[in-house]
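Working through the structure, step by step
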Amino acid sequence: MLVGGQMNVRQAYGIDGERTTLNLFQEMGLPEKLVARVAALGITEPTPIQTHAIPPVLDGKDVMGLAQTGTGKTAAFGLPLVSKLLATGKKPAPKTVRGLILAPTRELAKQISDNLSNFVENTPLKIGLVVGGASINPQIKRLARGTDILVATPGRLIDLLDRRALTLDATTFLVLDEADQMLDLGFIHSLRKIASLLPPERQTMLFSATMPKQMSELSASYLQNPVRVEVSPPGKAADKITQSIHFIAKSEKPALLIELIDKHRDQLALVFSRTKHGAEKLKKTLEKAGFAADSVHGNKSQGQRDRALRSFKSGQTKILVATDVAARGLDIPDVRFVYNFDLPNVPENYVHRIGRTARAGASGAAVAFCAPEEIGELKAIHKTMGISIPVASGRPWEDMDSGGQGKPKRKSRGAGRRGPNRSKEHAGSGGQGPTGAQKARHRRKAKAARSAA
């Protein structure tokens, strides 16, 4: 069943044709105490993804949800999951997990865990978090007591399963959040292994911002007759984001960034760099220019990343320079500016990056810089979004205006590369096997993801 964001709930989930429009949480069948707790957190009106996803989950259906980040997906799967676990009245046995949530990055996993902890306050439910970059022994100790809901990244979960620190035999609820990014990061084999360890009798929810071809294999492995919920088309940015682009030489980017940020020193700005080294170098450049800046990337320990995010959320740090580890899931409502200092290799990541602003109904600005060698990336972004980003300064590079006659076209990153640099996770995707173009695309995405993480 396909659910459009403009449909009402009778259209979205008319199983018996008798449902009335569900426009408030209490009308969806959520328990009164949970509704009160959600209201205390300031959540009083469901978002479209919550309106369309919560009823079928409560009715025991598998759900495949297509929605961008920032649309309220955590509550869409978290509230019905908490509701159903509370209704059973059971406690988890040692080393067991009743509900499992998989997320692609440490930051997103922690944010989900924090939100769920708020939902279950003053209830007997226990929320667990296991991610890489943190000591594994304390995680093993906590898992020994049993967990109601475990939020995990796939890699660390596999490590713990291999150590027999937990079992998934009693896991009856499963959520895969940002499933497309898990594929981009090369987790397909880990996800297959996890699927084989789960009981067949379970309820599964899969949420993704895009639907790449590999998603059909993933959904077939995890879902049974799912209700399909789609509330925002892929490649579409939030309506309240003002976009602009500057055509500028690579060497002149730092000076322009400093000039633009200086105009809003008291507002939070998130700056995206393509690589870990570039992010750290840019952070130091901004500090020398007198800005309160920090960075988040794969070369930082988890403790350093957590401290940087806390400082940014509190407003102590005004500028956060990050790789694509911060492109999804981070909910910082006060971010008013997002700068694409480097354009992403994967065009969908542009949409995820700029989605860090204009959160919770606020407005925001997304500013991109484009050097001559980034024309290929810009064309891909325009194609994905179906629009052309308005030009703020500079003249579009000649090869963009003339279809590539003025300057040599840049070869796609990773295209045609083979050998040891190829991610093992992308070797063989089942079925008839990917085409050469698909393989090149997977290699390009994998390389971009490794550089970011």
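These remarks concern the structure in this document. Quantities reported herein were computed from a predicted structural model and do not represent experimental measurements. Note on numbering: residues in each chain are counted from 1, in written sequence order. Thresholds applied to this predicted model are a pLDDT of at least 70 for local features of residues and 80 or more for the giving and counting of side-chain atom pairs; totals over whole chains, interfaces and linings are not thresholded and use all residues. Computation of side-chain values: all heavy atoms of the structure, hydrogens and water removed.

**As for the nonpolar core**
Stated precisely, the cut-off is as follows: Definition used in this section: a nonpolar core is a set of buried Ala, Val, Leu, Ile, Met, Phe, Trp, Tyr and Cys residues joined via side-chain atoms within 4.5 Å. Think of it in three bands: with a 1.4 Å probe and only protein chains considered, a residue is buried below 20% of the maximum accessible area for its type, exposed above 50%, and partly exposed in between. The way it works is that DSSP assigns letters per residue, a run of H or I at least four long becomes a helix, a run of E at least two long becomes a strand, and they are numbered from the N terminus.
By size, the foremost hydrophobic cluster in this structure holds 39 residues, and its most contacted members are Phe25, Leu30, Leu79, Ile101 and Ile112. Contributions of two or more residues to this core are made by helix H2 (32-40), helix H3 (48-58), helix H4 (73-88), helix H5 (106-119), strand S5 (147-152), strand S6 (173-176), strand S7 (203-208) and strand S8 (227-230). At seven residues, the largest contribution of residues to this core is made by H4. In this structure, Met64, Val97, Leu198 and Met215 belong to the second largest nonpolar core, which totals 32 residues.

**Comments concerning helix H6 (residues 136-143)**
Rules: Relevant arc is that of directions from the helix axis to the C-beta atoms, nothing else. Working rule for contacts: check all heavy atoms of both residues, and any pair within 4.5 Å makes them a contact.
For H6, the set of buried residues is Ile136, Gln139 and Leu143. Angularly, the buried residues of H6 cover 60° about the axis, an arc narrow enough to put them on a single face. The exposed residues of H6 that point more than 90 degrees off its buried face are Asn137 and Lys141. Where H6 is buried, its residues meet strand S4 (127-130), S5 and helix H7 (154-162).

**Remarks on the sheet that holds strand S15 (residues 391-393)**
To be explicit about the condition: Only when DSSP finds a minimum of two bridges between them are two strands counted as paired. Convention adopted: a line fitted to C-alpha atoms gives each axis, helices being fitted over their contacting stretch, and angles between N-to-C directions are expressed from 0 to 180 degrees.
One open sheet accounts for seven strands, arranged S11-S12-S10-S13-S14-S9-S15; its pairing is parallel. Among the strands making up the open sheet, the edge pair consists of strand S11 (293-296) and S15. Geometrically, the sheet is characterised by an average inter-axis angle of 25° between neighbouring strands, direction not taken into account. Pairing of strand S9 (residues 241-247) with strand S14 (residues 364-370), which is carried by seven bridges, proceeds in the parallel orientation.

**Section: the pattern of salt bridges**
Test applied: The rule for a salt bridge is simple: a side-chain nitrogen of Lys or Arg has to be within 4 Å of a carboxyl oxygen of Asp or Glu.
A complete count under the given rule lists 17 salt bridges for this structure. Notably, a salt bridge pairs Glu121 with Arg37, separated by 3.1 Å at the nearest N-O pair. Highlighted residues: Glu121 in the loop between H5 and S4 and Arg37 in helix H2, separated in sequence by 84 residues. According to the relative accessible area criterion, Glu121 is partly exposed, its value standing at 40%. In this structure, a network of salt bridges that share partners links the residues Glu280, Lys283, Glu287, Asp294 and Lys300.

**So, helix H13 (residues 302-314)**
Short version of the rule: To estimate how far a helix should reach, multiply one less than its number of residues by 1.5 Å.
Taking 1.5 Å as the rise per residue, H13 with 13 residues should run 18 Å; its terminal C-alpha atoms sit 18 Å apart, in good agreement. For H13, the set of buried residues is Gln302, Arg305, Asp306, Ala308, Leu309, Ser311 and Phe312. In this fold, the buried residues of H13 make contact with H5, strand S10 (268-272), S11, strand S12 (319-322) and strand S13 (335-340). Just downstream of H13 lies Gly315, where phi reads positive at about 90°.

**Points about the side chain of Glu374**
Test applied: Any pair of N or O atoms that falls within 3.5 Å is considered a polar contact. Within protein, one atom must be able to donate a hydrogen and the other to accept it, and sequence-neighbouring residues count only if both atoms are side-chain atoms.
Inspection of the secondary structure assignment puts Glu374 in the loop between S14 and helix H15 (375-385). A relative accessible area of 3% places Glu374 in the buried class. A polar atom in the side chain of Glu374 sits 3.2 Å from the side chain of Arg274.

**Observations concerning the environment of Phe187**
Checked against the element boundaries, Phe187 lands in the loop between helix H8 (179-184) and helix H9 (188-197). Residue classification places Phe187 among the buried residues on the basis of a relative accessible area of 17%. Separated by 32 residues in the primary sequence, Phe187 and Gly155 place their C-alpha atoms 7.7 Å from one another.

**Focus: the side chain of Arg37**
Take Arg37: its relative accessible area is 18%, and that puts it in the buried class. Here Asn118 takes part through its backbone oxygen, which lies 2.7 Å from a polar atom of the side chain of Arg37. Leaving out residues up to four positions away in the same chain, Arg37 has contacts with Asn118, Phe119 and Glu121.

All quantities given are derived from atomic positions and should not be read as evidence of function.
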